Amino acid sequence: MLKNTIIIFGLAFLLFGCSSDKVQKSDDDGLPDSTESLQSKEAIEHFVDGSIADAKGDYSTAILEYQDALRMDPKAGVYYALAKDYLLTNKLSLALSNINSAIKLDSTNVDYFNVLADVYTNGHQIDSAAAAYEKIIKLDSGNVAAYYNLANIYQQSKPLQALNMYQKLLTITGPEWSVLARIAELYERLGNMDESVKTIEQLLTLDPSNVEVRKLLIESYIKENKFDKAISAIDELEAKFPEDLSLREMKAQIFLQQDNWQKAMDEYRVILESPAVPLESKIKIGSIYLTQAMRDSTLLPVTREVFEKLDRDTTNWQVKMVLGEIDLRERRDSAAISEFKQVTELARWNADAWTRLGGLYFDSRKYEEAAKILKEAVVNFPDNFPINLILGLSLSQMNSYSEAKPYLEKAVNLNPKDLTALSAYGYTLNQLKEPEAAVHYIKEALNLDSNNVDLIGTLGLIYNAQKKWPECDSAYSKALSLDSNNVLILNNYAYSLAERGLRLPEALKMAEKAVSIEPGNSSYLDTYGWVFFKMGNYEKAEEYIRKAIAIDSSNSTLIEHLGDINFKAGKKGKALEMWHEAYQLNTDNTELKTKIEKGEL
């Protein structure tokens, strides 16, 4: 509709408007009423010579002749002729000075005010140009061009006054197609769709066979929510022009506004099947459905239908990208991975496709695949935040902390306010035995989310490793005050207190709560048993440590703890056997090695 409207109104302006860029010269340009009004014969000669030069387009010579005529006999007509030539040569200040002189001598001449209006228009002094046209209308109330030009000026900033001017024009000219078109546009801009529709209907009576006006009327019906009228008008046009796909699109738009997406698709299918419709237009139709499908999953099948149809006809990367998004929504991760892989091959420059692909591998816990694809991507997109972040996270999950560090550091530098990047970088630095730096970034993350229990718990874990007990206890206590059932915090705090031999009854309650929440977690069972061990209850300690080993039989720490229990229970031979077994599983444990060499705790 917009395109048609612009064409209609553009034609209207050409039919009625005066150009604001140049002055039209008539055959008798420059005659000051008549040459007889000039008193001097020489003035007349100069004036006539100036007119001849004008006719040849030699404005410089004409100006000199008119200036000579003025010196001999300063008449309004000569000033007028000079003003027009100065305007034609874009010497606006001189044009203004001369036309004002002409008006001062004769303030009733409409032609003088027309030039004045042109000077102001070319000088972008729109208000002054409007004042000149208003003066013309006072002098000549039937001046159609003045009304039209004044309305054109008012149209942008004073639409109500422009409307008034156009309506006055209609009283002079009768129903004029171009004027009615402008009136319809103004009513629409003012939000008066009823009057806009009435005006377009009036336009149609002037030209009932005009298809574009009929479409304009349909668009107006749609804007006014008069859907029955719009569909009736579309059906009437479709009977004459069954191949006009724009009519089907209008009808589809109506159904969309009525939230009838299935019926709209019946119209869109015809458009999608047409080889004359560009691929981009078809993708836009599918995108409308994709956007809605993100809110209403029942539309995913019909959206898939659209893009699978397009995919059969093209290898366009956008189509495959959308199919991948639909696969994600439908939890078809393998299919989504396949689609995004193809996008990275068809549009290697598209960073989003690489991010989607790497993110999918990461979410599927396929960290090696994620790292492999994102290492390739980061070469082409070294400053892409998601790519650096997901790559760093993937490597961190693979315990490749040294390799993860530079990518997570880059992610933090690219987006220093991202919670995930800060916390992941802090965690990785802690794993690399850089606790002070780790604490710095964890605290930066907490500045963004001060009540994040996981971050506070991580801080407690770091302080525990540093043996900063007040800070450790403070962090764990705060975390539990925010989430008293956080099983990880319960376990870690209980173990920290047990290792220090402090507040053991409290530690036992926390460990017991953790086990009751996750009874199959070997680490939590170990902590519970270890608190019993520290309290001297070796029987209970052995019971829970054995339960932990039954779940994770190759865990060096669990087997070492069982050895410690045996030692305290007086079974030193059995203890030594357990310690040797634990050491075989973790030969880096120097404390355990010392324990074996000494044969005691």
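Given the structure is predicted, the values throughout are model-derived calculations rather than measurements.

1. Overview of the nonpolar core
Turning to step 1, where the next piece is worked out: One finds Leu374, Ile387, Leu389, Met510 and Tyr528 to be the most contacted residues of the largest nonpolar core, which totals 90 residues.
Turning to step 2, where the next piece is worked out: Leaving out residues up to four positions away in the same chain, Met510 has contacts with Leu480, Leu490, Tyr493, Ala494 and Leu497.
Turning to step 3, where the next piece is worked out: Counting residues in hydrophobic clusters, the runner-up holds 48 residues, among them Tyr79, Leu87, Tyr147 and Met165.

2. So, the confidence of the model for the protein
Turning to step 1, where the next piece is worked out: When pLDDT is averaged along the protein, the result is 86; 92% of the residues meet or exceed 70.
Turning to step 2, where the next piece is worked out: When the elements of the protein are averaged for pLDDT, helix H1 (residues 2-16) gives the smallest value, 26, and helix H23 (residues 401-414) the largest, 97.
Turning to step 3, where the next piece is worked out: Low confidence marks residues 1-36, where pLDDT is under 50. Its contacts with residues over four positions away, or in another chain, come to 57 contacts.

3. A closer look at the layout of surface pockets
Turning to step 1, where the next piece is worked out: Estimates place the volume of the largest pocket at around 1,600 Å³.
Turning to step 2, where the next piece is worked out: As for the largest pocket, its lining consists of 44 residues, of which Asn464, Tyr495, Glu499, Thr557 and His561 are closest to the centre.
Turning to step 3, where the next piece is worked out: Among the secondary structure elements, those contributing two or more residues to the lining of the largest pocket are helix H24 (419-431), helix H26 (453-465), helix H27 (469-482), helix H28 (487-500), helix H30 (522-534), helix H32 (556-568) and helix H34 (590-598).
Turning to step 4, where the next piece is worked out: Tallying contributions element by element places H30 first for the lining of the largest pocket, with eight residues.
Turning to step 5, where the next piece is worked out: Taken together, the residues that form the lining of the largest pocket break down as 15 nonpolar, 18 polar and 11 charged.

4. Things to note about H24
Turning to step 1, where the next piece is worked out: With 13 residues, H24 ought to run about 18 Å at 1.5 Å a step, and its terminal C-alpha atoms sit 18 Å apart, in line with that.
Turning to step 2, where the next piece is worked out: The complete set of buried residues in H24 reads Ala421, Leu422, Ser423, Ala424, Tyr425, Gly426, Thr428, Leu429 and Asn430.
Turning to step 3, where the next piece is worked out: In this fold, the buried residues of H24 make contact with helix H22 (385-397), H23, helix H25 (435-448) and H26.
Turning to step 4, where the next piece is worked out: Residue Asp418 occupies the N-cap position of H24, its side-chain oxygen lying 3.2 Å from the main-chain nitrogen of Thr420.
Turning to step 5, where the next piece is worked out: A positive phi of about 60 degrees marks Lys433, the residue just after H24.

5. Some points on the environment of Glu238
Turning to step 1, where the next piece is worked out: By secondary structure assignment, the location of Glu238 is in helix H13 (residues 227-240).
Turning to step 2, where the next piece is worked out: C-alpha of Glu238 to C-alpha of Leu360: the two residues are 122 residues apart in sequence and 47 Å apart in space.
Turning to step 3, where the next piece is worked out: With sequence-adjacent residues up to four places away left out, Glu238 is seen in contact with Leu247, Arg248 and Lys251.

6. Some remarks on the pattern of salt bridges
Turning to step 1, where the next piece is worked out: Summed over the entire model, instances satisfying the criterion amount to 30 salt bridges.
Turning to step 2, where the next piece is worked out: The salt bridge involving Lys226 is made with Glu224; its shortest N-O contact spans 3.4 Å.
Turning to step 3, where the next piece is worked out: For Lys226, a relative accessible area of 28% corresponds to the partly exposed category.
Turning to step 4, where the next piece is worked out: The exposure class of Glu224 is buried, given its relative accessible area of 18%.
Turning to step 5, where the next piece is worked out: In this structure, Asp473 and Arg500 form a salt bridge, with 2.7 Å as the shortest nitrogen-oxygen distance.

7. Side note on the packing of aromatic side chains
Each aromatic ring pair is specified by the distance between its two centres and by the angle formed by the two planes.
Turning to step 1, where the next piece is worked out: Within the structure shown, the criterion is met by 15 aromatic pairs.
Turning to step 2, where the next piece is worked out: Taking 6.3 Å as the distance between ring centres and 70 degrees as the angle between the ring planes, the aromatic pair formed by Tyr401 and Tyr427 counts as edge-to-face. Taken together, the residues span a long stretch of sequence, with Tyr401 in helix H23 and Tyr427 in helix H24 at a distance of 26 residues.
Turning to step 3, where the next piece is worked out: The exposure class of Tyr401 is buried, given its relative accessible area of 13%.

8. Comments concerning the side chain of Asn492
Turning to step 1, where the next piece is worked out: With respect to the element layout, Asn492 can be found in helix H28.
Turning to step 2, where the next piece is worked out: Overall, Asn492 belongs to the buried group, its relative accessible area being 18%.
Turning to step 3, where the next piece is worked out: In this structure, Asn492 is in contact with Leu461 and Tyr476, ignoring residues within four places of it in sequence.

9. A closer look at H32
Turning to step 1, where the next piece is worked out: In this model H32 runs 19 Å from its N-terminal to its C-terminal C-alpha over 13 residues, within 8% of the 18 Å that 1.5 Å per residue would give.
Turning to step 2, where the next piece is worked out: Inspection of H32 places Ser556, Leu558, Ile559, Glu560, His561, Leu562, Gly563, Asp564, Ile565, Asn566 and Phe567 among the buried residues, and these make up the whole buried set.
Turning to step 3, where the next piece is worked out: N-cap assignment for H32: the residue whose side-chain oxygen lies 3.0 Å from the backbone N of Thr557 is Asn555.
Turning to step 4, where the next piece is worked out: With its phi angle positive at about 90 degrees, Gly570 sits one or two positions after the end of H32.

10. Section: unusual backbone geometry
Turning to step 1, where the next piece is worked out: You will see that Asn399, though not glycine, has its phi angle at about 65 degrees, which is positive.
Turning to step 2, where the next piece is worked out: Within the element layout of this structure, Asn399 appears in the loop between H22 and H23.
Turning to step 3, where the next piece is worked out: You can call Asn399 exposed: its relative accessible area is 53%.
Turning to step 4, where the next piece is worked out: With a phi close to 45 degrees, Arg503 is a non-glycine residue in the positive phi region.

11. Quick notes on the packing of H13 against helix H14 (residues 245-257)
Turning to step 1, where the next piece is worked out: In the contact formed by H13 and H14, the axes pass within 10 Å of each other and the chain directions differ by 160 degrees. The pairing of H13 with H14 is recorded here as roughly antiparallel in orientation. Of the two elements, H13 crosses H14, and the hand of that crossing is left-handed. In this structure, H13 uses Phe227, Ala230, Ile231, Ile234, Asp235, Leu237 and Glu238 to contact H14, whose residues at the interface are Leu247, Arg248, Met250, Lys251, Ile254, Phe255 and Gln257.

12. Describing the environment of Asn413
Turning to step 1, where the next piece is worked out: By the secondary structure assignment, Asn413 is in helix H23.
Turning to step 2, where the next piece is worked out: Taking relative accessible area as the criterion, Asn413 reaches 57% and is therefore assigned exposed.

13. A look at the packing of H32 against helix H33 (residues 572-585)
Turning to step 1, where the next piece is worked out: Between H32 and H33, whose axes approach to 7 Å, the crossing angle comes to 165 degrees. As far as their axial angle goes, H33 and H32 are roughly antiparallel. Crossing of H32 over H33 shows left-handed handedness. Residues Ser556, Ile559, Glu560, Leu562, Gly563, Asp564, Asn566 and Phe567 of H32 touch H33, and the partners they reach there are Lys572, Lys574, Ala575, Met578, Trp579, Glu581, Ala582 and Leu585.
Turning to step 2, where the next piece is worked out: Each residue belonging to the contact of H32 with H33 can be placed in one class, and the counts come to eight nonpolar, three polar and five charged.

Reading the values: the criteria
- Along each chain, the written sequence defines residue order, and numbers are assigned to residues from 1.
- Thresholds applied to this predicted model are a pLDDT of at least 70 for local features of residues and 80 or more for the giving and counting of side-chain atom pairs; totals over whole chains, interfaces and linings are not thresholded and use all residues.
- Working from all heavy atoms in the structure, the side-chain values ignore hydrogens and water.
- Nonpolar core, defined: a set of buried Ala, Val, Leu, Ile, Met, Phe, Trp, Tyr and Cys residues in which side-chain atoms within 4.5 Å join the residues together.
- Summary of the burial criterion: residues with accessible area below 20% of their type's maximum are buried, those above 50% are exposed, and those between are partly exposed, where the area comes from a 1.4 Å probe applied to protein chains only.
- Whether two residues are in contact is decided by their heavy atoms: any pair within 4.5 Å suffices.
- On a scale of 0 to 100, pLDDT captures the predictor's confidence in every residue.
- Helix and strand labels come from DSSP, where a helix needs a run of H or I of at least four residues and a strand needs a run of E of at least two; each type is numbered from the N terminus.
- Any residue with an atom within 4 Å of a point lines the site, the site being either a cavity, points on a 1 Å grid over the protein atoms alone where a 1.4 Å probe fits but cannot get out, or a pocket, an open set with protein on both sides within 12 Å along at least 5 of 7 lines.
- Grid points are joined across faces, edges and corners, and a volume is the space filled by probe spheres set on the points.
- Ten residue types, Ala, Val, Leu, Ile, Met, Phe, Trp, Tyr, Cys and Pro, are classed as nonpolar, four, Asp, Glu, Lys and Arg, as charged, and the remainder, Gly among them, as polar.
- Here, expected helix span is obtained from the residue count minus one, scaled by 1.5 Å.
- Whenever a nitrogen or oxygen atom comes within 3.5 Å of another N or O atom, the pair is scored as a polar contact, on the condition that within protein one atom can donate a hydrogen and the other can accept it, and that pairs from neighbouring residues in sequence are kept only if both atoms are in side chains.
- The term salt bridge refers to a side-chain nitrogen of Lys or Arg lying within 4 Å of a carboxyl oxygen of Asp or Glu.
- Stacked, edge-to-face and tilted labels apply to pairs of Phe, Tyr and Trp rings (six-membered ring for Trp) whose centres lie within 6.5 Å, assigned for plane angles under 30 degrees, over 60, and everything in between, in that order.
- Axis definition: a line fit to C-alpha positions, over the contact stretch in the case of helices; interaxial angles, taken between N-to-C directions, run 0 to 180 degrees.
- Any angle that falls under 35 degrees is termed roughly parallel, while one over 145 is termed roughly antiparallel, one within 65 to 115 roughly perpendicular, and all others oblique.
- With the far helix as reference, a near helix turned anticlockwise by less than a right angle produces a left-handed crossing, and one turned clockwise produces a right-handed crossing.

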